[in-house]
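Architecture at a glance
If you want the building blocks of each chain, they are given just below.
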Amino acid sequence: MVNSQASGVPLAPRLCAGCGGKIADRFLLFSMERYWHTRCLKCSCCQAQLGDIGTTCYSKGGMILCRSDYIRLFGHSGACSACGQSIPANEMVMRAQGNVYHLKCFSCATCRNRLMPGDRFHYVNGTIFCEHDRPGAALLTSHLPPLQSSSVLTDQNVC
């Protein structure tokens, strides 16, 4: 994202990719190969004006995102925490403890059964276990953190 100030040289009027209006402001933003009014380049989720919160914005699946929302939705790398492969923006994912997984990769470390949306699971030291395979479950049940539920994120309902 580049914040540009118009110089003394007259330029052809630029059109804002956000509102479609002419950009006659002293400052304009150039991001994703398009020009924007500073007020029009906003995060698709939180509606923060991206020019006001930094010099970086993210784009995935037709959404323009601030850093916080990108990480919240797609993880730090935009990749599956299990296999490391990229996750397309329109793909449903599973999330646990800030990590994001392909549906096919969200499985129990012991029995390898794939966990489905709504299944209960345990997340222990970065490893996913189904309800039945938690290590030491019989011995340590009184000292374990609470059981977590899975959550599903789709491109239809991301924010």
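Before any of the text, the structure's been laid out above.
Everything quoted here is computed from the prediction, not taken from an experiment.

So, on to the side chain of arginine 134. Mapped onto the fold, arginine 134 is located in the loop between β11 (127-130) and α3 (137-140). Engagement of the side chain of arginine 134 in a polar contact is seen with the side chain of histidine 122, the distance being 2.8 Å.

A separate point is unusual backbone geometry. With the exception of glycine, the majority of residues adopt a negative phi angle, and the majority of peptide bonds are in the trans configuration. Here the phi dihedral of glutamate 33 falls at roughly 65°; this positive angle occurs in a residue that is not glycine. Summarising the element assignment, glutamate 33 is placed in the loop between β4 (27-31) and β5 (34-36).

We now examine the environment of alanine 24. With respect to the helices and strands, the residue alanine 24 is situated in the loop between β3 (22-23) and β4. With relative accessibility at 72%, the residue alanine 24 sits in the exposed group. Separated by 11 residues in sequence, alanine 24 and proline 13 have C-alpha atoms that sit 7.3 Å apart.

Here is what the cut-offs are and how they apply
Residues numbered from 1 in each chain as written. Predicted model: local features only at pLDDT ≥ 70, side-chain atom pairs only at ≥ 80, totals over all residues. Heavy atoms only, no water. Helix = DSSP H or I, 4+ residues; strand = E, 2+ residues; numbered from the N terminus. Polar contact = N/O pair within 3.5 Å; in protein donor to acceptor, adjacent residues only side chain to side chain. Buried < 20%, exposed > 50% of the residue type's maximum accessible area, 1.4 Å probe, protein only.

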